[in-house]
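# Remarks on the overall topology
The chain contents come next:
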Amino acid sequence: MITSAVRTLATELTGDDLPAYVYDLPALRAHARAVRDALPPGLELYYAAKANPAPPVLRTLAPHVTGYEVASGGEVEHVRAAVPGAPLAFGGPGKTEGELRRALTLGVERFHVESEQELRLLAGAAKDAGLDAVDVLLRVNVPLASDELGGVALAMGGRPSPFGLDPEAVQRCLPLLSGAGSHGPLRLRGIHAHLASGLDAAAQLTVAAAIADWARKLSERHGLDDLTEVNVGGGMGVDYAHPDRRFDWAAYGKGMADLALRHPGRTLRIEPGRALTVYCGWYVTEVLDIKHSGGEAFAVLRGGTHHIRTPATKQHDQPFQVLPMDTTATWTRPWARPAVREEPVTLVGQLCTPKDVLARRVQVPELRAGDRVAFAMAGAYAWNISHHDFLMHPRPGFHYLDT
Ligand SMILES: *Cc1c(COP(=O)(O)O)cnc(C)c1O
């Protein structure tokens, strides 16, 4: 449900002020606090900045998170500047030597190393910088038994993957890490895995247990006393078809507390992105035109998937709410207001491509030119994953409500 602050602004903005992204920061704050409160105190919560790196979002989360997971040199610079002093964990495939050197200069707290070569590049860069204790987590494709997720397809782990290291590659990395054979500048502090996304709490707990067990076995087998951290990744599920069905943080927190008891002396860490910020943002726009073609209704909206690519990439209907605009000022033209009633309508944007669809054949009581449409769940992987310059339409406005 749209929050009242967002609704008020959405109806007050003029057509030319639209489309607009509207973020409800008090709602984000309340959600982040509730998530944090559901988790055991010792569990570290990092926010995966790639979900939404807008500085007001990063800063609103700051009191409720332990740190930020960043996945490029750009994100390292950006998050450092937006929330100075917050711990950063630098992950992501294909880190360049330049990015690694810059991250060391900026004092990045944790490196999630994804390959043997990357480990060698980081060791060389750390040596050149005169550093002797750079903290590394190896990102591992922890193998999962095929039945462990109850049939949920794995996005990133347990099968061939460009991300992270297979277990055999981990073995080959150990001699390059202090506490594991070498006296080089890199310390093996833990294991990182991000195996799947869109999992519910029970599936997440199963994956977390598998990762923690794998880390324990590795540490016992090789006497790795410094391996005290287990980052089990992000990917907590959200449901675009049912915005009110939220990830069960209470059950997850309870399960993670149990897992922590089974792994004394180890720090457990998670790094969700989407499930933290998706609910705080709305993409608000207006209906420009309504028409019928081949017996189907189409509503053409100001804006489109060049601003909110989420429904195109995920092939879903972006959830939305119609905000009827009934003031006489809304419709001053001397012809009948284009409208659909009690009929499925497909909501499209202004792009000259059939892929510019935000929601398909959705039943609405009524939708008219001039009405506002507020797309929900636009707080993560929305604006920042979109191809803004395609067709050169104006950019949306950005409103960070905080009262
Ligand atoms: C994208 C990503 C995350 C966050 O995933 P969400 O689905 O947004 O929770 C966490 N860790 C890594 C390594 C990622 O690539």
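See above for the structure.
Scope of this entry: the structure provided in the associated data block.

## Some thoughts on the packing of helix α8 (residues 201–222) against helix α9 (residues 249–262)
The N-to-C vectors of α8 and α9 enclose an angle of 15°; their axes lie 10 Å apart at closest approach. Taken together, α8 and α9 sit at an angle that is classed as roughly parallel. Crossing angle aside, the handedness with which α8 passes α9 is right-handed. Contact residues: α8 offers Ala-201, Gln-204, Leu-205, Ala-208, Ala-209, Ala-212 and Arg-216, while α9 offers Ala-251, Tyr-252, Gly-255, Met-256, Leu-259 and Arg-262.

## Some points on α9
Spanning 14 residues, α9 covers 20 Å between terminal C-alpha atoms, matching the ideal 20 Å at 1.5 Å per step. Those residues of α9 lying buried are Trp-249, Tyr-252, Gly-253, Gly-255, Met-256 and Leu-259. The arc enclosing the buried residues of α9, seen along the axis, measures out at 165°, which places them on a common side. For α9, exposure combined with an orientation more than 90 degrees from the buried face picks out Ala-250, Lys-254 and Leu-261. Tucked into the core, α9 has its buried residues touching α2 (25–38), α8, β9 (267–270) and α10 (274–277).

## Quick look at the pairing of strand β10 (residues 281–293)
Of the pairings in the sheet, the one linking strand β1 (residues 20–24) to β10 comprises 4 bridges and is antiparallel in character. Across the sheet, residue Ala-20 finds its bridge partner in β10, namely Val-284. Pairing geometry for β10 and strand β15 (residues 372–375), over 4 bridges, is antiparallel. Paired with Val-284 across the two strands is Ala-374, which belongs to β15. Hairpin connection of β10 to strand β11 (residues 296–301): 2 residues between the antiparallel strands, including Gly-294 at a positive phi of 55°.

## Comments concerning unusual backbone geometry
With an omega of -5°, the peptide bond running from Leu-18 to Pro-19 counts as cis. Along the chain, the position of Pro-19 falls in the loop between α1 (4–12) and β1. Unlike most non-glycine residues, Met-377 shows phi in positive territory, near 55°. Considering the arrangement of structural elements, one finds Met-377 in the loop between β15 and β16 (397–401). With relative accessibility at 2%, the residue Met-377 sits in the buried group. Backbone geometry at Leu-391 places phi at a positive 80°, although glycine is not the residue there. Structurally, Leu-391 can be placed in the loop between β15 and β16.

## Considerations on the environment of Ser-219
Within the secondary structure, Ser-219 is located in helix α8. Between the C-alpha atoms of Ser-219 and Val-345, which are 126 residues apart in sequence, the distance is 57 Å. Side chain to side chain, Ser-219 and Arg-266 meet in a polar contact 2.9 Å long.

## What to know about the sheet that holds strand β7 (residues 186–192)
Reading around the circumference, β2-β3-β4-β5-β6-β7-β8-β9 is the order of the 8 strands in this closed barrel, with parallel pairing throughout. Sheet twist, expressed as the mean angle between neighbouring strand axes with direction ignored, is 30°.

## Digging into the pattern of salt bridges
Under the counting rule described, the total for this entry stands at 25 salt bridges. The residue Asp-16 makes a salt bridge to Arg-302 at a minimum N-O spacing of 3.3 Å. A residue pair is termed long-range when its members are at least 10 positions apart, and Asp-16 in the loop between α1 and β1 and Arg-302 in the loop between β11 and α11 (310–314) qualify at 286 residues. Taken together, the shared-partner salt bridges connect Glu-44, Arg-110, Asp-135, Arg-187, Arg-189, Glu-229 and Arg-269 into one network.

Parameters at a glance
Residues numbered from 1 in each chain as written. Predicted model: local features only at pLDDT ≥ 70, side-chain atom pairs only at ≥ 80, totals over all residues. Heavy atoms only, no water. Axes fitted to C-alpha atoms, helices over the stretch in contact; angles between N-to-C directions. Helix = DSSP H or I, 4+ residues; strand = E, 2+ residues; numbered from the N terminus. Parallel < 35°, antiparallel > 145°, perpendicular 65-115°, else oblique. Left-handed = near helix turned anticlockwise from the far one by under 90°. Contact = heavy atoms within 4.5 Å. Expected span 1.5 Å × (residues − 1). Buried < 20%, exposed > 50% of the residue type's maximum accessible area, 1.4 Å probe, protein only. Arc of directions from axis to C-beta. Pairing = 2+ DSSP bridges. Polar contact = N/O pair within 3.5 Å; in protein donor to acceptor, adjacent residues only side chain to side chain. Salt bridge = Lys/Arg side-chain N within 4 Å of Asp/Glu carboxyl O.

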